[in-house]
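What follows is each chain in one-letter form.
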Amino acid sequence: MKNRHVQLIALGGAIGTGLFYGSSESIALAGPSILLAYLVGGLAIFMIVRALGEMSVEDPRAGAFSYYATRYWSKRAGFVSGWNYWFNYILVSMVELSVVGSFVNYWFPAIPQWVSAAVFLVVIAAMNLLGVSKFGEFEFWFAIIKIVAVIAMIVSGLAVLIAGLPTDSGVKASFSNWFALDGGVLPHGLLQQSADGQWTGLLMALVVVMFSFGGTELIGITAGETEDPRRTIPRATNDIIWRILVFYIGALGVIMAVIPWNTIGGDDVPSPFVQIFDSVGIHAAAGILNFVCLTAVMSVYNSGLYANSRMLYSLARQGNAPEILGKLNFHGVPVVGVLASAAITALAVVVVFLWPDFAFNYLMSIATIAGVINWSMIMVTEIHFRRRVAAGDGPGELAGLTGDEALGRIHFKLPFARVMPYVVLAFLAFVVVLMCFSSSYRVAVIAGVVWLAILLTAYQVTQTRKTVRP
């Protein structure tokens, strides 16, 4: 893949359902203070991707997480990391498919949501079988559409604010809406329980926000198929911080200035990005932006299927998955990995058909805990990576060097590397504690513990079989 592909893939993985669809829930939980939640969560994610970038630049590999955990931590860690990441993106893909019907129903309300999910699953799977260059090109244009649309929305929203155009809400569009409505910037405080027993506030919104950032670590997966990882990976990684500022904080800040935050959301309009144009009577623009939201969902699922097939390939090469998953076709695509991941994701079609209201919230919560496990393992692997480098067991040009000399030769360093992994791990542990306050997220925490136990047991079983195999 070329530099432009990697840059846009990194962006495409981060801007999807969490922003276009899930932002309604996060705004309802925290009001205008959601902007602070995105900033804090974004900084944590940036450090996680910087840690991954440090390893990817020095040792670019397909299926980065699993390989690095195996190489620098332990075989058990590599097994758990690889399969958890695969599971994480299976869930993320299911979340994307569970909401795709909402955007289709904006135009065609008679089409069942599960039908939309099935159609898009087949289309994306077919695209992933065409080869990595074709995948990169598709994702490049998917991401371009999202970037242009979000920037256009921000500019249009600012025009509404400057021109003072009327809105359907009856409240004048103004940045003062951040402070003047229902309790100001922190309408629900940091953490409080509502009359119906649900927890709200800035801290609870932080949990939803973390799901939104899932996919940024896709940069590491692309390293093994990138033309010049030493140049491309640092650029894509460092660009993440401005993406967070513009596409999350900037976009939602404008939306909450134009539309009172306490009126955002509802069954008739699937996204606040669509609602902002509906509110000022520009319904054609709302329809266009609904198409963009649909494109964003396709983009994230496209990236997810790519990442999953490469992770299965990496696991197979390590002996941690069936050998057939490591076979490539003449396009260099792990076909069985693509088809296997798509087949498992197809369960989302069944879930949406049977439990449409259940699908988004519970799938998102379980995907969040899988993401937290994944991010935590990246940071722990980073700690082990630096220890191995300092001991003289580093990759490439670092091999044979020891101590501060070896660490000083790392090309793309994690800022404050001696303490930052521990700070991020503490933050992620805090997010897990917050998840326990919500009934749907509490189930996810339990599921996460059970899932880790299954992975550790599975690893032990596979190792036992290898030992006794004649």
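The shown structure was predicted, so the numbers you read here are calculated from the model rather than taken from an experiment.

Description of the pattern of salt bridges
Argument step 1. Scanning the entire structure with this criterion turns up 8 salt bridges.
Argument step 2. With a shortest N-O distance of 3.9 Å, Glu 58 and Arg 230 are connected by a salt bridge. On the criterion of sequence distance, the pair formed by Glu 58 in helix α4 (residues 34-58) and Arg 230 in helix α12 (residues 229-238) is long-range, its members being 172 residues apart.
Argument step 3. Relative accessible area serves as the criterion here: at 34%, Arg 230 is assigned to the partly exposed category.
Argument step 4. A salt bridge links Asp 404 to Arg 418, with the nearest nitrogen and oxygen atoms 3.6 Å apart. Taken as a pair, Asp 404 in helix α19 (residues 403-408) and Arg 418 in the loop between α19 and α20 (420-435) lie far apart in primary sequence, 14 residues in all.
Argument step 5. Look at Asp 404 and you get exposed, because its relative accessible area is 58%.

Looking at a nonpolar patch on the surface
Argument step 1. Together, Leu 36, Leu 39, Val 40, Leu 43 and Leu 245 make up an exposed nonpolar region whose accessible area comes to about 390 Å².
Argument step 2. Here Val 40 lies in helix α4.

Here's the deal with the packing of helix α10 (residues 202-212) against α20
Argument step 1. The geometry of α10 relative to α20 is characterised by a closest axis approach of 9 Å and an angle of 110° between their N-to-C directions. The angle between α10 and α20 falls in the class roughly perpendicular. Seen from above, α10 lies across α20 with left-handed handedness. Packed against α10, whose contacting residues are Leu 203, Met 204, Leu 206, Val 207 and Met 210, the element α20 presents Phe 427, Leu 428, Phe 430, Val 431, Leu 434 and Met 435 at the interface.
Argument step 2. Considering only residue class, the contact of α10 with α20 consists of 11 nonpolar, no polar and no charged.

What counts, and where the lines are drawn
- Residues numbered from 1 in each chain as written.
- Predicted model: local features only at pLDDT ≥ 70, side-chain atom pairs only at ≥ 80, totals over all residues.
- Heavy atoms only, no water.
- Salt bridge = Lys/Arg side-chain N within 4 Å of Asp/Glu carboxyl O.
- Helix = DSSP H or I, 4+ residues; strand = E, 2+ residues; numbered from the N terminus.
- Buried < 20%, exposed > 50% of the residue type's maximum accessible area, 1.4 Å probe, protein only.
- Patch = residues over 30% accessible without salt bridge, like charges linked within 9 Å, V, L, I, M, F, W, Y side chains within 5 Å.
- Areas by Shrake-Rupley, 256 points an atom, 1.4 Å probe, with all protein chains shown as cover.
- Axes fitted to C-alpha atoms, helices over the stretch in contact; angles between N-to-C directions.
- Parallel < 35°, antiparallel > 145°, perpendicular 65-115°, else oblique.
- Left-handed = near helix turned anticlockwise from the far one by under 90°.
- Contact = heavy atoms within 4.5 Å.
- Nonpolar A, V, L, I, M, F, W, Y, C, P; charged D, E, K, R; others polar.

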